[in-house]
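Structural overview
The primary structure of each chain is shown beneath.
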Amino acid sequence: DGHTVFDTIANSYSPAPWPPPYDSAGALHNETSQRWHHELRELESKLREQGPAGELATNCKNNGSNPAVTGVWMGEGVGGVKGIVSAGEVLAAAEREAVER
């Protein structure tokens, strides 16, 4: 149905959950999403059982929480990231490209 782990968790405590298909969010794949990715029905059951103040919802809505647990929201361009380089390397590459033109 298009729901993701973090959509399901966020919708469990939101006073105004987004309806499909507008609730799809891009989040970093982490321990929480790996744990629940293929078990959304069980996740929904746990969230109902625990309620909006339960451990699952609280861990994910607490932005100061562990990024291995909480939703770390990513933009559409995150798929274009191929590695992490220093600022010096970025500037050197930009200079080489400018000289080549």
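See the structure above.
Residues numbered from 1 in each chain as written. Predicted model: local features only at pLDDT ≥ 70, side-chain atom pairs only at ≥ 80, totals over all residues. Heavy atoms only, no water.

Overview of empty space enclosed by the protein
Where empty space is left in the structure can be found by rolling a water-sized probe over the atoms. Using the criterion set out here, one finds 1 cavity of 30 Å³ or more in the structure. Of the pockets and cavities examined, the largest cavity occupies roughly 30 Å³. Looking at the largest cavity, the residues that line it are Phe6, Ile9, Ala10, Tyr13, Cys60 and Trp73. When residues in the lining of the largest cavity are grouped by element, the largest group, 4 residues, is from helix 1 (residues 5-13). (1 Å grid on protein atoms, 1.4 Å probe; cavity = no way out; pocket = protein on both sides within 12 Å on 5 of 7 lines; lining within 4 Å. Points joined across faces, edges and corners; volume = space filled by probe spheres on them. Helix = DSSP H or I, 4+ residues; strand = E, 2+ residues; numbered from the N terminus.)

Things to note about the packing of aromatic side chains
Given two aromatic rings, one states the distance between the centres and the angle between the planes to describe the pair. The final tally for this structure, using the stated rule, is 0 aromatic pairs. Here Arg35 stacks its cationic end above the ring of Trp36, 3.9 Å away from the centre of that ring. (Phe/Tyr/Trp six-rings, centres within 6.5 Å; stacked < 30°, edge-to-face > 60°. Lys NZ or Arg CZ within 6 Å of the ring centre and 35° of its normal.)

Things to note about the pattern of salt bridges
On inspection of all chains with the given rule, the structure shows 3 salt bridges. Between Arg35 and Glu39 there is a salt bridge, with its nearest N and O atoms 2.9 Å apart. The class for Arg35 is partly exposed, based on a relative accessible area of 39%. Using a relative accessible area of 31% as the deciding quantity, one classes Glu39 as partly exposed. A network of salt bridges, in which partner residues are shared, links Arg35, Glu39 and Glu42. (Salt bridge = Lys/Arg side-chain N within 4 Å of Asp/Glu carboxyl O. Buried < 20%, exposed > 50% of the residue type's maximum accessible area, 1.4 Å probe, protein only.)

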